Structures are given as C-alpha cells and as structure tokens.
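# Coordinates in review
If you want the building blocks of each chain, they are given just below.
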Amino acid sequence: MKLFVVLAFCVAAAVANSEMDVWLQYNRRMPGEYNTKGLPERPPYQGRIIGGVDANIANYPYQLSLRRVTAAGSSHSCGASVIASRWALSAAHCTFPPPAPTAVVLRGGSSDHRDGGVVFNVDQIINHPNYDDWNLVNDVCVLRTTTDLVGVNIAPIALDPAGAQHAAGSRAVLSGWGIYIQNSNIIPNILQRVDIPVVGQAECVAGWPAGWVTDDMICASEPGRDACNGDSGGPLVVGGLQIGIVSWGDTQCIGTSPGVFARVAFPLLRNWINEVTGV
C-alpha cells in the first residue's frame, strides 16, 4: 500500500463536474471514490496556501500539461516534462492502464494550462514494464509525440545520470498546476513553482510505514511546501537536472510527511528511460 498519490493537475474552481472527474481519476491524494490505497482519511486541516508562486513558462520550458481528450476538447490530467525532441516523461500512474495514444495530448510553451502554447499529439505511451499500480514502484512513463516538441518556451531538460545522489537539504524546484489551497479542489490556471529541500533517504523511509518507500523513490518537501493534487507526473529539478517525478504523498499536502517522487537516477529506471528514448 502506498498513500494516495499526488494527483494530476487541471481545471479551475468553476469547472464542470465532468471535467473535474478527469483529473480526479489520476489523483490518489484525494480521499473518496478515487482513492485506491485503502487508508483512512486524516483529520481535516485548515486550508492554506501550500507555498507556490506564479511562474513564467519561459523559466520552465520543459514543463508540459498532460491532457486527456474529451468530447469538449481536452482536460488537464497530469504534469510531464520534455526530455528529447519527440519524448516526454511523466508518472506511470497517470497513464495506467495505458490509454489509446489518441486519447492524450501534451500542451507546452504556455504558463496557462487552458490555452496558448503548442498542443502535441501522441503516438506512443509506454509505462515502465514493472510498474505496480498498488505500491507505485517504478512509477515512470514516457510518451512519444507525432511531431518534434519545439516552439517558443519549449525545450528539453537534462535527466539526472544513473546512480547520482543528492544531499539532504539540496534545494529543488517543483513546478505544476496542482491544488494550491488545501481541502479546496482549487487548481490554478497559471503555472506554480515552489522551492523545497531534498529529504534524506533515511528520514524519507522513517516518515512512512515500513516498506512504502523503496530505493526507486526520492523525497522532497518541508512544512508548508509540498506537491499536491494536480502535480502528478511533474518534474522535480536540482541544478538544471530533473531528479524526480511527482508520485505520491500525504492527502493533506502540508509537507510534514515527506513528499515522494520516482527517482530518475535509480539505475533500473534511468537505464530503462535510456533504452526506450535514447536519452
């Protein structure tokens, strides 16, 4: 069991219920019918800003909106990142079970997830072959686009090399369109960013029940600053390298329990990404 994964980002507060259902399906931090991990809901906390600020996509040109195609167009479901001319990186829980490639598009180059930038079609969705949707081990997905991921404010980010380590306290940057007021379902239209520290592996493991945090995971967060519902699949970056992919964490998103990311540098994950994409 793993605690309710961080959800996919999307929709504004006034969005129709049918559109809200799209991003709820890919959120496992949200208690209720979409929670598949079986843990009891924690006592509610007073709502507060989680710690992000508005971000200019020009400073995060690798950031993508992973969108599900609906009858009305497309709706935000998860974050993703540009890693090569035809490849994007996200979390496997965002694309499990793998949908038809035509059911997904990627928007890049816009701070506003609703419009602007460039929308790219997808022709291949590949989840890690050993991804486990129950315990979220190997929570990595790559998506191949039909055309090059190019345009204004669109550029790839380099990935952490296999075996790389990051000291506890290293400052990391997380970006996405996830919920920014706790217990609210309020999703920002404009990209958010937050600086958070990497959490040491021993502290990360100790912060969760035995067996929940595995070697393919890395933690980063601090009280009042954390990923939340809507950030799933998004990039965690240190020194210009993507070191993590938003995976799972506390339903309250308050940062007191470490936020958990797929560890890009874990050899079995990093080597698989390279074998599939050449990156």
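So, how was this worked out
- Residues numbered from 1 in each chain as written.
- Predicted model: local features only at pLDDT ≥ 70, side-chain atom pairs only at ≥ 80, totals over all residues.
- Heavy atoms only, no water.
- UniProt positions renumbered as here; feature names shortened; annotations may be inferred.
- Core = buried A, V, L, I, M, F, W, Y, C linked by side-chain atoms within 4.5 Å.
- Buried < 20%, exposed > 50% of the residue type's maximum accessible area, 1.4 Å probe, protein only.
- Helix = DSSP H or I, 4+ residues; strand = E, 2+ residues; numbered from the N terminus.
- Domains from an automatic or database assignment.
- Pairing = 2+ DSSP bridges.
- pLDDT = per-residue confidence, 0-100.
- Contact = heavy atoms within 4.5 Å.
- Salt bridge = Lys/Arg side-chain N within 4 Å of Asp/Glu carboxyl O.
- Disulfide = S-S within 2.5 Å.
- Axes fitted to C-alpha atoms, helices over the stretch in contact; angles between N-to-C directions.

Per an unreviewed UniProt entry, the protein chain goes by the name Peptidase S1 domain-containing protein and belongs to Anopheles atroparvus. Per UniProt, the protein chain has the following entry under Sequence similarities (unreviewed entry): "Belongs to the peptidase S1 family. CLIP subfamily."

### Some remarks on the nonpolar core
In summary, soluble globular proteins display a tendency toward joint burial of nonpolar side chains. Residues Leu66, Leu89, Leu106, Val140, Leu143 and Trp248 are the most contacted members of the largest nonpolar core, which totals 43 residues. By residue number, the principal contributor to this core is strand S3 (residues 73-84), which donates five residues. Inspection of this core shows a minimum of three residues originating in each of domain 1 (61-156 + 269-277) and domain 2 (158-265). Ile196, Ile218, Ala227 and Val238 belong to the second largest nonpolar core, which has 13 residues in total.

### Describing the pairing of strand S11 (residues 217-220)
Where burial is concerned, the two faces of S11 agree: the one with Met217 and Cys219 and the one with Ile218 and Ala220 are both buried. Alignment of strand S10 (residues 192-199) against S11, held across two bridges, turns out to be antiparallel. Residue pairing for S11: valine 199 is matched across the bridge by cysteine 219.

### Some thoughts on the confidence of the model for the protein chain
On average, the protein chain scores 82 in pLDDT, and the residues at 70 or more come to 76%. When the criterion is pLDDT under 50, residues 1-17 qualifies, and its contacts beyond four places in sequence or with other chains add up to 107 contacts. The low-confidence segment residues 30-49, where pLDDT is below 50, has 48 contacts with residues more than four positions distant or belonging to other chains.

### Structural notes on unusual backbone geometry
Following phenylalanine 96, the chain continues into proline 97 via a peptide bond in cis, with omega recorded as -10 degrees. Here proline 97 lies in the loop between strand S4 (87-90) and strand S5 (104-108). Phi is positive for asparagine 138, close to 60 degrees, though the residue is something other than glycine. Here asparagine 138 lies in the loop between strand S6 (118-127) and strand S7 (141-145). Looking at asparagine 138, the relative accessible area reads 10%, which means it is buried. One non-glycine residue, asparagine 153, lies in the positive phi region at around 60 degrees. With relative accessibility at 30%, the residue asparagine 153 sits in the partly exposed group.

### A word on the pattern of salt bridges
Evaluation of the coordinates by the stated rule reveals five salt bridges. The closest approach of N and O atoms between arginine 114 and aspartate 112, which form a salt bridge, is 2.5 Å. Since its relative accessible area comes to 43%, arginine 114 is described here as partly exposed. Residue classification places aspartate 112 among the buried residues on the basis of a relative accessible area of 12%. Its salt-bridge partner being aspartate 195, residue arginine 193 comes within 2.1 Å of it at the nearest N-O pair.

### Some thoughts on the state of the cysteines
Taken as a whole and judged by the stated rule, the model has two disulfides. Linked covalently through their sulfurs, cysteine 78 and cysteine 94 form a disulfide whose S-S length is 2.1 Å. Looking along the S-S bond of the cysteine 78-cysteine 94 disulfide, the torsion reads about -85 degrees, which is the left-handed sense. Placement of cysteine 78 in strand S3 and of cysteine 94 in the loop between S4 and S5 is noted, with a sequence separation of 16 residues between them. We note that cysteine 78, like cysteine 94, is buried.

### Considerations on the sheet that holds S5
The six strands are arranged S2-S3-S4-S7-S6-S5 in a closed barrel whose pairing can be described as antiparallel. Strand after strand, the sheet turns through a mean of 45 degrees between neighbouring axes, direction not considered. Of the strand pairs in this sheet, S4 and S7 are connected by four bridges, and their pairing is antiparallel. Within the sheet, the bridge partner assigned to leucine 89 lies in S7 and is valine 142.

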